[in-house]
Amino acid sequence: MSDNDTDDVRTDGSGTGIVSPDDETPAWSERKERTQGLSRLTYEYFERARREDQDLRQQSDYVERDVLAFPAWPHEMMRNIALTSFFVGMILFVSATLPPEMPNPANSGVTPAIILPDWYLYWSFGLLKLGPLNPELSILGGSKLMADRTYGVLANVVVVGFVAIVPFLNKGSARRPVEQPFWAAVGMSGVIFSLTIAALSIKNLVPMDSHLLFDLTFLVPIVSATITYAVLKTMREGYMFDLNRRYYRLRPPK
């Protein structure tokens, strides 16, 4: 067998397909463990990807990264199974070590003092408490145009409608917040607003003045959006410079 044959890496699924790192050769026991089960396939996936990427960078003047990929089975599936197994194991570990306490059974004959929806609906429940924003029109004799409850329902429709229409407004190809600071700031303000409006929905449980909490509900998202936009805007120039440098390193101009 020639030296060239020993340096070739089998990528057709046959053989062990294990490539040791350039700066470290695994011991015999480690190599034996890596040739069995999930650990073998996971190690094979990452090492093969690293070696083939390195070979393509060295041997070719033009690297088309879009066509460099691996089959879904077993490489992608093994990676996904490894990650899924890790997170499922962590969830089982936490649930076993920190089991939730079971409260007393609910009494159907007694109305609880505080009635709240599930925690993931606090933001919607908070929008129902925007009564102070419901304008009183002098043309109607100082009365409100609609009931506070109706105003809260309309606020839910407006918020959900805005979230649904955002994908149609932003049709750019950017995949990172630094590439579009404005929409990243909009998203950050929406996340912060969902938290502040959720805190407003349980204002009787928050140790803060209700009027101050109401003001912070709308002030904090605006401040967070401004800070996010400013930070990403300052990072954009350096990010685009590094991106272009990596691009021309992979695709050098002719």
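Residues numbered from 1 in each chain as written. Predicted model: local features only at pLDDT ≥ 70, side-chain atom pairs only at ≥ 80, totals over all residues. Heavy atoms only, no water.

- Labelled according to an unreviewed UniProt entry, the protein chain appears under the name Cytochrome b(C-terminal)/b6, originating from Haloarcula amylolytica JCM 13557.

### Focus: the overall build of the protein chain
So, step 1. Of the regular secondary structure elements, the protein chain holds eight helices and zero strands.
So, step 2. Its helices and strands in sequence order give the protein chain the pattern α-α-α-α-α-α-α-α, from N to C terminus.
So, step 3. When each of the 254 residues of the protein chain is scored for burial, the buried share is 21%. (Helix = DSSP H or I, 4+ residues; strand = E, 2+ residues; numbered from the N terminus. Buried < 20%, exposed > 50% of the residue type's maximum accessible area, 1.4 Å probe, protein only.)

### Observations regarding the UniProt feature "transmembrane region" (unreviewed entry) in the protein chain
So, step 1. Residues given the UniProt feature "transmembrane region" (unreviewed entry) here are residues 81-98, 151-169, 181-200 and 212-232.
So, step 2. Across residues 181-200 one finds 100% helix and 0% strand; the C-alpha atoms that close the span lie 28 Å apart. (UniProt positions renumbered as here; feature names shortened; annotations may be inferred.)

### Comments concerning the side chain of Ser 201
So, step 1. Position of Ser 201 relative to the elements: it lies in helix H7 (residues 181-201).
So, step 2. Of the residues examined, Ser 201 reaches a relative accessible area of 0% and is grouped as buried.
So, step 3. Not counting chain neighbours up to four residues away, the residues in contact with Ser 201 comprise Leu 116, Tyr 122, Phe 125, Gly 126 and Lys 129. (Contact = heavy atoms within 4.5 Å.)

### A few points about the nonpolar core
So, step 1. Ranked by size, the top nonpolar core spans seven residues in total: Leu 127, Leu 130, Ala 155, Ile 197, Leu 200, Leu 213 and Phe 214.
So, step 2. Mapped by element, the contributors of at least two residues to this core are H7 and helix H8 (210-250).
So, step 3. Not counting residues up to four positions away in its chain, the partners in contact with Leu 130 are Tyr 151, Ala 155, Ile 197, Leu 200, Phe 214 and Phe 218. (Core = buried A, V, L, I, M, F, W, Y, C linked by side-chain atoms within 4.5 Å.)

### Some thoughts on the environment of Glu 44
So, step 1. Mapped onto the fold, Glu 44 is located in helix H3 (residues 37-59).
So, step 2. The class of Glu 44 is buried, set by a relative accessible area of 4%.
So, step 3. Along the primary structure Glu 44 and Met 78 are separated by 34 residues, whereas in three dimensions their C-alpha atoms are 9.9 Å apart.

### What about the environment of Val 160?
So, step 1. Assignment of secondary structure puts Val 160 in helix H6 (residues 148-169).
So, step 2. Between the C-alpha atom of Val 160 and that of Ser 124, which follows or precedes it by 36 residues, the distance is 9.6 Å.

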